[in-house]
Amino acid sequence: MDDLELDQVTKVISYHPRFLDHFLKTQNFIMNGDGPLPYDYRYYLAIIAAARHQCPYLVKMYEKEFINQGGNPDWLNGLDFIPPKLRAIYEINKILAHRPWLLRKEHIESLTRGKNSWSLSEVVHAMVLLSHFHSLSSFVFSCGLTQKLDGLSSPKLKTPPTVAAITSGHNSVTGSSAVADGNSLMHSAVAAGMAGAGSLPQYQPQKTVLSEITLNNNNHTNNNNNNSSSNSIDHHNHQLYCNNNAQSIAESLTNSGGVTGVVAAVTAAAFASSANAAAVLNKINAQPSATVEVLMERMKVLSQKQDECSEAELSNRFKNVEMQTAELPAAATVTPAEIPPVISHYIEDPNFQYQDFARRGAENIPNTFRIQDYSWDDHGYSLVNDLYEDVGTLLDQRFRCAYNLTYFTMGGVKNVDTSKFRRAIWNYIQCIYGIRHDDYDYGEVNQLLDRPLKMFIKTACCFPERITTKDYDSILVELQDSEKVHVNLMVMEARNQAELLYALREIMRYRT
Ligand SMILES: CC(C)C[C@H](N)C(=O)O
């Protein structure tokens, strides 16, 4: 592996050595391993994928790699300077990045016909690369790395010496020497991560390294959360929470906009049957966001819940979450002037962005993507393997790792079954892309993810360039940094899978 790849992003992922192993194996294979696309194409695709999300960090890194691989420097002048064949895939890059539900088999058809045509294997290779770098851009921003690494950080943020060294090295396109400084810190962590599954530690926080790479000092984190003072209202309300009626009132209040947090929902349940609404809301607004303690209670209750939902009810709950997501504040339209000049030449049609489902009606594509009709396990995985060697297997292991990764901890509390929380995050991300897991009760999403967390996740997926370190700091304040990175890994992987599902479904349709 090239030294350059042991970059700041890799360091942050190394909070989770098991995942890092799968991540690097996949990335190395699609960039450097056997595959249908020439190397200059691969690196250029990385650049234009990251450019769709205005991620200068990745764009600069892969420009350098592109040149190292012997790529034609003219291409770095922008989209007008690349061969027509490569240019022809830009539309798919754009659609996959922002509205993958708009992809049609005709897009694939037009690529694979005529002069300069693509083979289907090449198309799949390109799609795997594009979705990898779209979602990696989400990760870079959601960890607050871009602000730091591109010199855009606000002066009040502390800059650890190593990060400063890397930043100054990175700001110069040619200045790779400073990167080595930071890398040396990480060699042991990466080596541990690459040592093979059997010898992997379950959790290696790498404290020294983390203090170097952590971008913020999360003072809220401590190891004594299991003793955190619980307020009596919460205890009292835990009883009431079991009451379905109160629960649904709480749920609707939680999502009404004026109320944030699971604590608020629990509190709402307590007061739902009695006081007037204003008094309830005042009480609720005074509550902090969801605490780890309340989240744990909620997960416990949810896993004990027996009641079976009807098909129709499950479908309604999905639609509800989807609608509420559309109502979360949307980011403003990007105007060309706001795009950093270092990447604007790689972007065409910058106003083509994620569009909320509520507004998708205009495009006449309101259909939900149902996992029971097309899933990674049953369809996507084998299709990729079929057309692009072992990549399906590599991706499969990577998705599984991201989906199942747990240390059974939450904040400072140990032995916690966090599967409900993690599943809610994963399914919520895919819901943002209109993907419904048919057997999942999306009511759980509203029970476990509060509004600020949902907003963070939606922005990280759809408008990652808008995430600031402040956003990163303000969600899940009781969790450790490694846990926030864990959430961001799920954002990256669930999003990557969502894009691939849409892409591969159209490949399948094209073939049949
Ligand atoms: C995202 C985190 C709450 C995950 C948790 N630390 C776990 O080990 O499962």
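Here's a quick rundown of the structure. The shown structure was predicted, so the numbers you read here are calculated from the model rather than taken from an experiment.

About the thresholds
- Residues numbered from 1 in each chain as written.
- Predicted model: local features only at pLDDT ≥ 70, side-chain atom pairs only at ≥ 80, totals over all residues.
- Heavy atoms only, no water.
- Axes fitted to C-alpha atoms, helices over the stretch in contact; angles between N-to-C directions.
- Helix = DSSP H or I, 4+ residues; strand = E, 2+ residues; numbered from the N terminus.
- Parallel < 35°, antiparallel > 145°, perpendicular 65-115°, else oblique.
- Left-handed = near helix turned anticlockwise from the far one by under 90°.
- Contact = heavy atoms within 4.5 Å.
- Phe/Tyr/Trp six-rings, centres within 6.5 Å; stacked < 30°, edge-to-face > 60°.
- Buried < 20%, exposed > 50% of the residue type's maximum accessible area, 1.4 Å probe, protein only.
- Near = heavy atom within 4 Å.
- Polar contact = N/O pair within 3.5 Å; in protein donor to acceptor, adjacent residues only side chain to side chain.
- Areas by Shrake-Rupley, 256 points an atom, 1.4 Å probe, with all protein chains shown as cover.
- Nonpolar A, V, L, I, M, F, W, Y, C, P; charged D, E, K, R; others polar.

Observations regarding the packing of helix H22 (residues 419–432) against helix H26 (residues 481–511)
Next, step 1: Direction vectors running N to C along H22 and H26 enclose 40 degrees, while the axes themselves pass 9 Å from each other. The pairing of H22 with H26 is recorded here as oblique in orientation. As H22 runs across H26, the sense of the crossing is right-handed. Contacts between H22 and H26 involve Arg422, Ile425, Trp426, Ile429 and Gln430 from the former and His486, Val487, Met490, Val491, Glu493, Ala494, Arg495, Gln497 and Ala498 from the latter.

Topic: the packing of aromatic side chains
The geometry of two aromatic rings is summed up by the distance between their centres and the angle between their planes.
Next, step 1: Counted under the stated rule, the structure contains 20 aromatic pairs.
Next, step 2: Ring geometry for Tyr354 versus Tyr433: centroids 6.2 Å apart, planes at 75 degrees, classification edge-to-face. On the criterion of sequence distance, the pair formed by Tyr354 in the loop between helix H19 (341–344) and strand E1 (369–370) and Tyr433 in the loop between H22 and strand E2 (435–436) is long-range, its members being 79 residues apart.
Next, step 3: Taking relative accessible area as the criterion, Tyr354 reaches 8% and is therefore assigned buried.
Next, step 4: Between Phe369 and Tyr502 the ring centres are 4.8 Å apart and the planes differ by 70 degrees, which places this aromatic pair in the edge-to-face class. With Phe369 in strand E1 and Tyr502 in helix H26, this pair connects stretches of sequence that are 133 residues apart. Each member of the pair Phe369 and Tyr502 is classed as buried.
Next, step 5: Joined through ring pairs, the aromatic side chains of Tyr41, Tyr44, Phe66, Trp75, Trp118 and Tyr346 make up one cluster.

With respect to the site of the ligand
Next, step 1: Near the ligand you find Thr406, Tyr407, Phe408, Thr409, Met410, Thr418, Phe421, Arg422, Leu479, Glu483, His486 and Val487, and these make up its full shell.
Next, step 2: Here an oxygen atom of the ligand sits 3.3 Å away from a polar atom, N or O, in the main chain of Phe408.
Next, step 3: Thr409 is positioned with one of its backbone polar atoms (N or O) 2.8 Å from a nitrogen atom of the ligand.
Next, step 4: Protein chains shield 100% of the accessible area of the ligand, which is 290 Å² for the free molecule.
Next, step 5: If you list the elements that add at least two residues to the shell around the ligand, you get H22 and H26.
Next, step 6: The dominant element in the shell around the ligand, judged by the number of residues it contributes, is H26, at three residues.
Next, step 7: Looking at the shell around the ligand, its residues break down into six nonpolar, four polar and two charged.

Considerations on the environment of Ser382
Next, step 1: Mapped onto the elements of the fold, Ser382 is located in helix H20 (residues 376–387).
Next, step 2: Between the C-alpha atom of Ser382 and that of Pro340, which follows or precedes it by 42 residues, the distance is 39 Å.

Looking at the environment of Ile13
Next, step 1: Turning to its location among the elements, Ile13 is positioned in helix H1 (residues 8–13).
Next, step 2: For the pair Ile13 and Phe139, spaced 126 residues apart in sequence, the C-alpha separation works out to 9.4 Å.
Next, step 3: The contact partners of Ile13, leaving out residues within four places of it in the chain, are Phe19, Leu20, Phe23, Phe139, Leu489 and Met492.

So, the packing of helix H2 (residues 17–32) against helix H3 (residues 39–52)
Next, step 1: At a closest axis distance of 8 Å, the pairing of H2 and H3 adopts a crossing angle of 125 degrees. Viewed along their axes, H2 and H3 adopt a mutual orientation that is oblique. Contacts from Phe29, Ile30, Met31 and Asn32 of H2 reach H3 at Tyr39, Arg42, Tyr43 and Ala46.
Next, step 2: Along the lines of polarity and charge, the residues of the contact of H2 with H3 split into six nonpolar, one polar and one charged.

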